[in-house]
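Next come the chains, spelled out residue by residue.
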Amino acid sequence: LEGFLRYRNTLDHFPDNCTLLEFEENYLALANALNSLSPRCRKIFEMHRVEQYTYQEIAARIGISESMVKKYLHQATTRLAQSPNEYIKTHLPAA
């Protein structure tokens, strides 16, 4: 929730077509979906999607092959796509 509280009042991070309640629901749904991933899978997903690391950079930093990075990202996006939250399904494209 720290991230949400930090961005809650920042209009740059508040979708134009979204009420505050919808934003809170979407944020909590995303947090719960990410927490359902294994720690390694979540870390790799965050490194790629949030920190913008390439597959090669992630592989080198974690000490696994690029194909394993791709496998973890596929697992993450597949799991997130199964979320009942429509926002998550439509706003997180495949890796």
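It should be noted that the structure appears before, not after, this text.
As the structure is a prediction and not an experimental result, all values here were calculated from the model.

K.L.:
Hey, could you run me through the side chain of His48 in this one?
P.N.:
Along the polypeptide, His48 turns up in helix 3 (residues 39-49). Residue His48 is classed as buried on the basis of its relative accessible area of 18%. Among residues more than four places away in sequence, those in contact with His48 are Tyr53, Tyr55, Ile58 and Leu73.

K.L.:
Can you help me understand the packing of helix 4 (residues 55-62) against helix 5 (residues 66-81) in this one?
P.N.:
Two quantities define a packed helix pair, namely the angle between the helix axes and the distance between the axes. Look at helix 4 against helix 5: their axes get within 8 Å of each other, and the N-to-C directions meet at 105°. Here helix 4 lies roughly perpendicular to helix 5, going by the angle between them. For the pair helix 4 and helix 5, the contacting residues are Tyr55, Gln56, Ile58 and Ala59 in the first and Glu66, Val69, Lys70 and Leu73 in the second. Considering only residue class, the contact of helix 4 with helix 5 consists of five nonpolar, one polar and two charged.

K.L.:
What's the story with the side chain of Thr77 in this structure? I'm lost.
P.N.:
As for its placement among the helices and strands, Thr77 is situated in helix 5. In this structure the side chain of Thr77 is engaged in a polar contact, spanning 3.2 Å, whose partner is the backbone oxygen of His74.

Cut-offs applied
Residues numbered from 1 in each chain as written. Predicted model: local features only at pLDDT ≥ 70, side-chain atom pairs only at ≥ 80, totals over all residues. Heavy atoms only, no water. Helix = DSSP H or I, 4+ residues; strand = E, 2+ residues; numbered from the N terminus. Buried < 20%, exposed > 50% of the residue type's maximum accessible area, 1.4 Å probe, protein only. Contact = heavy atoms within 4.5 Å. Axes fitted to C-alpha atoms, helices over the stretch in contact; angles between N-to-C directions. Parallel < 35°, antiparallel > 145°, perpendicular 65-115°, else oblique. Nonpolar A, V, L, I, M, F, W, Y, C, P; charged D, E, K, R; others polar. Polar contact = N/O pair within 3.5 Å; in protein donor to acceptor, adjacent residues only side chain to side chain.

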